[in-house]
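Survey of secondary and tertiary structure
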Amino acid sequence: TARARMTGYLSDVAALARKDLLVELRTRDTVPAMLLFVVAALVVFHFALPAESSRLAASGMLWIALLFTALLALVRAFVGERDQGTLDGLILAPCDRSAIWLGKTLSVFAFLALAEAVALPAFALFYDPVSWELIAGVDDGLASPIEAVGGEVINRVPRSVERFAIETFGEDDKVALVIGILAFSVVFAAVLGIVARRRLRRVERGRCRLLRDRGRI
C-alpha cells in the first residue's frame, strides 16, 4: 500500500542519515572543519570590518560565513563513499534514489545546526548580542527576498503588463505577484529535480553495465 511504501521510504532516509551521523561521529572529518571555518571567518570579518560598521553588515557576515560552511558540508557529503569505494553499492542499494539525497540533506542540516550553535556564541562575542531576528534571518527594516524580487519585477515589466495586472487583480496584485513567484520557484525546483533524477538513472545504468563488463573480464 501507499502507507507501507511511505513508511519504508522514511525508514530508508532515516537509516542513511543515521549512517552519515555515525560515520562522522567516528571519523570527525566534516564537522571539525566546518566549526574551524565558521569561527575563523567570523574572526577575520571582525578585524576586517570598520569599527563604524552597522549591525546589518555584521549580520550579513554571519550568514555569509554560514553559507560557505554549508557549501563545505555539501562538497564533503559524498567524500567518504568515494574514498572507500562504496558509492557504487550505495547507488545499487534497493531503495529509492531520492532517499539517498534526502538522507544526505538531513545529515548536512544536522552538521550545519551544530556549526550554527558554535557560530552564534562566537558572533555574540565578537559583534552584537544574538536575537531571534538574527537567528531567523529577518529584519523589520528590510524587505524579504520575495518582496525584493517582486519589486524588481514591477520595475522592469512593461507598463501594459502592469496595467493588466492591476485591472485583473485590483488591490491584490502584489499578493498575486508573490504567489506567482513562489509557484514559479516550486515548479522550477521540481523540473530541476526531475532532470537530475533522469540523469542519475542514466549514470546508474552506465555503472551497472560497467560492473557487468568487469564481471565478465
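Described in the following lines is the structure provided in the data block.

Here is what the cut-offs are and how they apply
Residues numbered from 1 in each chain as written. Predicted model: local features only at pLDDT ≥ 70, side-chain atom pairs only at ≥ 80, totals over all residues. Heavy atoms only, no water. Helix = DSSP H or I, 4+ residues; strand = E, 2+ residues; numbered from the N terminus. Buried < 20%, exposed > 50% of the residue type's maximum accessible area, 1.4 Å probe, protein only. Contact = heavy atoms within 4.5 Å. Areas by Shrake-Rupley, 256 points an atom, 1.4 Å probe, with all protein chains shown as cover. Salt bridge = Lys/Arg side-chain N within 4 Å of Asp/Glu carboxyl O. Core = buried A, V, L, I, M, F, W, Y, C linked by side-chain atoms within 4.5 Å. Axes fitted to C-alpha atoms, helices over the stretch in contact; angles between N-to-C directions. Parallel < 35°, antiparallel > 145°, perpendicular 65-115°, else oblique. Left-handed = near helix turned anticlockwise from the far one by under 90°. Nonpolar A, V, L, I, M, F, W, Y, C, P; charged D, E, K, R; others polar.

**A closer look at the overall build of the chain**
Tallying secondary structure elements over the chain gives 10 helices and zero strands in all. Ordered by position from the N terminus, the helices and strands of the chain form the series α-α-α-α-α-α-α-α-α-α. Per-residue burial over the chain gives 23% buried out of 217 residues. When contacts within the chain are restricted to residue pairs at least 6 apart in sequence, those whose partners lie at least 24 apart make up 76%. Accessible surface for the chain amounts to roughly 15,100 Å². Of this, 66% is attributable to carbon and sulfur atoms.

**Some remarks on unusual backbone geometry**
In this structure, R28 takes a positive phi of about 55° despite not being glycine. Tracing the backbone through its elements, the reader meets R28 in the loop between helix 1 (2–27) and helix 2 (31–48). According to the relative accessible area criterion, R28 is exposed, its value standing at 55%.

**As for the pattern of salt bridges**
Pairing is possible between side chains that carry opposite charge, provided their charged atoms lie close to one another. Here the structure, examined in full by the defined rule, presents two salt bridges. A salt bridge links D20 to K19; the shortest N-O distance between them is 2.9 Å. Overall, the relative accessible area of 10% leaves D20 in the buried class. The shortest N-O distance in the salt bridge between K104 and D20 comes to 3.3 Å. Of this pair, K104 sits in helix 6 (residues 97–126) while D20 sits in helix 1, and the two are 84 residues apart along the sequence. We note that K104, like D20, is buried. Among the ionic contacts, a cluster of salt bridges with common partners joins K19, D20 and K104.

**Regarding the nonpolar core**
Among the nonpolar cores identified, the biggest contains 12 residues, and these are V38, A41, L42, A58, L62, A65, L66, A119, L120, A122, F123 and Y127. Of all elements in the fold, only helix 2, helix 3 (55–75) and helix 6 reach the threshold of two or more residues within this core. Excluding anything up to four places from it in sequence, L66 contacts V38, L112, E116 and A119.

**What to know about the packing of helix 1 against helix 6**
Between helix 1 and helix 6, the shortest axis-to-axis distance is 8 Å and the interhelical angle comes to 45°. The orientation of helix 1 with respect to helix 6, classified from their angle, is oblique. Crossing hand, helix 1 versus helix 6: right-handed. Of the residues in helix 6, those in contact with Y9, D12, V13, L16, A17, K19, D20, L21 and E24 of helix 1 are S98, A99, I100, L102, G103, K104, L106, S107, A110 and F111. Here the residues of the contact of helix 1 with helix 6 are counted per class, giving 11 nonpolar, three polar and five charged.

Everything listed here is a matter of coordinates, which is why it stays silent on function.
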